[in-house]
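If you want the building blocks of each chain, they are given just below.
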Amino acid sequence: SAAPTPALRVNLFKVQQGFGVLNAAIARHSITLLTELIDDLKIDSRTDDEEYSSIESAGFDILGQYSSIQRVVRVLNSATLQQLMTFLATVSYRKACTLRRINTKTTNEGEPMSYSDSTTYYNDTFSCSEGSEPEEEDSDSYLGLWFKETLSPEANEEMTESQEQEKKEEKRHGSNLVPAKDEPHEYLNLSSLIFNFFDVSLGGQHIYLNRYVRTGLSEQQMVLLANILRDLDRDSARGEPENSGCLQWQNAMVKFSGSVGRYLHNLISNSLLNESLQSALLLHLGVSPWTQDSNIWPLQVYSRTLAVLVQILLLKPSQEKEAACLSVWHRLVNTLVEGVCS
């Protein structure tokens, strides 16, 4: 028999290089159209889950009379939309961080510039190398300056003025689909838009959409979400960057962090993640109480990671919750003992 064809390996940085302002503009416009399409479901009168199991998707006849749910079914069944959008949000986020790192480090002569990335894709799977985390930790902090400015009234006034200026610019260039410049915050805004679309449009209280989201989530998406959360946690923990960034980037990062947090929170609270995906998410965050591979517990757990862990544990039955808490305490004490005795 013929040997199986090896999986094609693609480095994410190369994907980022080919991802430009035109791709981002098309993606942004597509999300706008999808949002308008899904908004039509608000007038759908079906209330029984069985009624959605036998719906025929709309055809391609532009003169055909189709209901809103038939048009939505046609689009959602044409591609694995959640996985596609999650990959797109990740690439856009990484592209934004890479451009931001380049723009910042080019001002420091003699400082080496890192073009590596920790995520590599295959044709249907991907791997994340742990060895590249120190390189990621060398990147600039994005949230530290914002935390400082929220405590300063003068900075708050500057932030408000910047937001007003952004609105004026949006009105002035509202007809332009493609931005004039390749700005990092534009890619970050696209990632925020995707996660907001996941949370508000696909995550709406609709029977068909809830079933679509629940059956379409995969462990691959949990890995990507865990990596993004860990990046945000490290950025917020490192404090203020050496070079203060523009307010546009800070505002975009705040929106992105909030959109990811709300999306994950609602996924868990609405029971859209099954137990397997919950375990996978905690495992890739490094705080799974149920893993049998290790008997240690991280001594530094950041706020976003801790929030996900607590939310998942609080929704567990009391007996399982107590067992998980005991496992955490046992591993924590064991880690402290090993640290003292080593």
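Reading guide: rules and limits
Residues numbered from 1 in each chain as written. Predicted model: local features only at pLDDT ≥ 70, side-chain atom pairs only at ≥ 80, totals over all residues. Heavy atoms only, no water. Core = buried A, V, L, I, M, F, W, Y, C linked by side-chain atoms within 4.5 Å. Buried < 20%, exposed > 50% of the residue type's maximum accessible area, 1.4 Å probe, protein only. Contact = heavy atoms within 4.5 Å. Salt bridge = Lys/Arg side-chain N within 4 Å of Asp/Glu carboxyl O. Helix = DSSP H or I, 4+ residues; strand = E, 2+ residues; numbered from the N terminus. Expected span 1.5 Å × (residues − 1). Axes fitted to C-alpha atoms, helices over the stretch in contact; angles between N-to-C directions. Parallel < 35°, antiparallel > 145°, perpendicular 65-115°, else oblique. Left-handed = near helix turned anticlockwise from the far one by under 90°. Nonpolar A, V, L, I, M, F, W, Y, C, P; charged D, E, K, R; others polar. Phe/Tyr/Trp six-rings, centres within 6.5 Å; stacked < 30°, edge-to-face > 60°. Patch = residues over 30% accessible without salt bridge, like charges linked within 9 Å, V, L, I, M, F, W, Y side chains within 5 Å. Areas by Shrake-Rupley, 256 points an atom, 1.4 Å probe, with all protein chains shown as cover. 1 Å grid on protein atoms, 1.4 Å probe; cavity = no way out; pocket = protein on both sides within 12 Å on 5 of 7 lines; lining within 4 Å. Points joined across faces, edges and corners; volume = space filled by probe spheres on them.

Asks: I'd like a rundown of the nonpolar core, residues and numbers included.
Replies: Phe195, Leu202, Phe256 and Val308 are the most contacted members of the largest nonpolar core, which totals 64 residues. Apart from residues lying up to four places away in sequence, Leu202 is in contact with Ile38, Leu76, Gln82, Phe197, Leu209, Tyr212 and Val213.

Asks: Any chance you could break down the pattern of salt bridges for me, citing the residues and the numbers?
Replies: By the definition in use, this model includes six salt bridges. When the shortest N-O distance is used, the salt bridge between Arg94 and Asp231 registers 3.5 Å. Remark: Asp231 occurs in helix α10 (residues 219-238) and Arg94 occurs in helix α4 (residues 81-105); sequence separation between them is 137 residues. One salt-bridge network, held together by shared partners, links Arg94, Asp231 and Arg234.

Asks: So what about helix α13 (residues 303-314)? Which residues, and what values?
Replies: Under the 1.5 Å per step criterion, the end-to-end length of α13 is 16 Å for twelve residues, consistent within 8% with the ideal 16 Å. Where α13 is buried, its residues touch α10, α11 (247-269), α12 (275-285) and α14 (318-341).

Asks: Now, about the environment of Gly18: what can you tell me, with residues and values included?
Replies: With respect to the helices and strands, the residue Gly18 is situated in helix α1 (residues 12-18). Once the C-alpha coordinates of Gly18 and Lys95 are considered, the two residues, 77 residues apart in sequence, prove to be 9.9 Å apart.

Asks: Just give me the short version of unusual backbone geometry, but keep the residues and values in it.
Replies: Positive phi, close to 60 degrees, is recorded for Ser271, a residue that is not glycine. Structurally, Ser271 is set in the loop between α11 and α12.

Asks: Explain the packing of α11 against α13 to me, using residue names and the numbers behind them.
Replies: The axes of two packed helices give the description: the angle between them and the distance between them. Two elements in contact, α11 and α13, have axes whose closest approach is 10 Å; the angle formed by their N-to-C orientations is 15 degrees. The angle between the axes of α11 and α13 places the two elements in the roughly parallel class. The two elements α11 and α13 cross, and the hand of that crossing is right-handed. Facing α11, whose interface residues are Ser257, Leu264, His265, Ile268 and Ser269, α13 presents Arg304, Val308, Gln311 and Ile312. Class assignment of the residues belonging to the contact of α11 with α13 gives a composition of four nonpolar, four polar and one charged.

Asks: Any details on the packing of aromatic side chains? Residues and values, ideally.
Replies: One pass over the full model with this rule turns up seven aromatic pairs. An aromatic cluster is present here, built from Tyr93, Phe195, Phe197, Phe198, Phe256 and Tyr263 joined pairwise through their rings.

Asks: So, the packing of helix α8 (residues 184-202) against α11: which residues are in play, and what are the values?
Replies: Interaxial distance between α8 and α11 falls to 8 Å at its minimum, and their mutual angle equals 20 degrees. Judged by the inter-axis angle, α8 sits roughly parallel to α11. Taken as a pair, α8 and α11 cross one another with a handedness that is left-handed. From α8, Pro184, His185, Leu188, Asn189, Ser191, Ser192, Phe195, Asn196, Phe198 and Asp199 reach across to α11, where they touch Gln248, Trp249, Ala252, Met253, Lys255, Phe256, Ser259, Val260, Arg262, Tyr263 and Asn266. Residue composition of the contact of α8 with α11, by class: ten nonpolar, eight polar and three charged.

Asks: With reference to specific residues and values, describe a nonpolar patch on the surface.
Replies: Taken together, the side chains of Leu306, Val310 and Leu314 define a hydrophobic patch exposed on the protein surface, amounting to about 260 Å² of accessible area. By the secondary structure assignment, Leu314 is in helix α13.

Asks: Please set out empty space enclosed by the protein residue by residue, giving values where relevant.
Replies: The tally for this structure, following the rule as stated, stands at five cavities of 30 Å³ or more. Empty space within the second largest cavity amounts to approximately 80 Å³. Together, Gln82, Phe198, Asp199, Leu202, Gly203, Val213, Tyr263, Asn266, Leu267, Asn270 and Leu272 line the second largest cavity. Mapped by element, the contributors of at least two residues to the lining of the second largest cavity are α8 and α11. Along the lines of polarity and charge, the residues of the lining of the second largest cavity split into six nonpolar, four polar and one charged.

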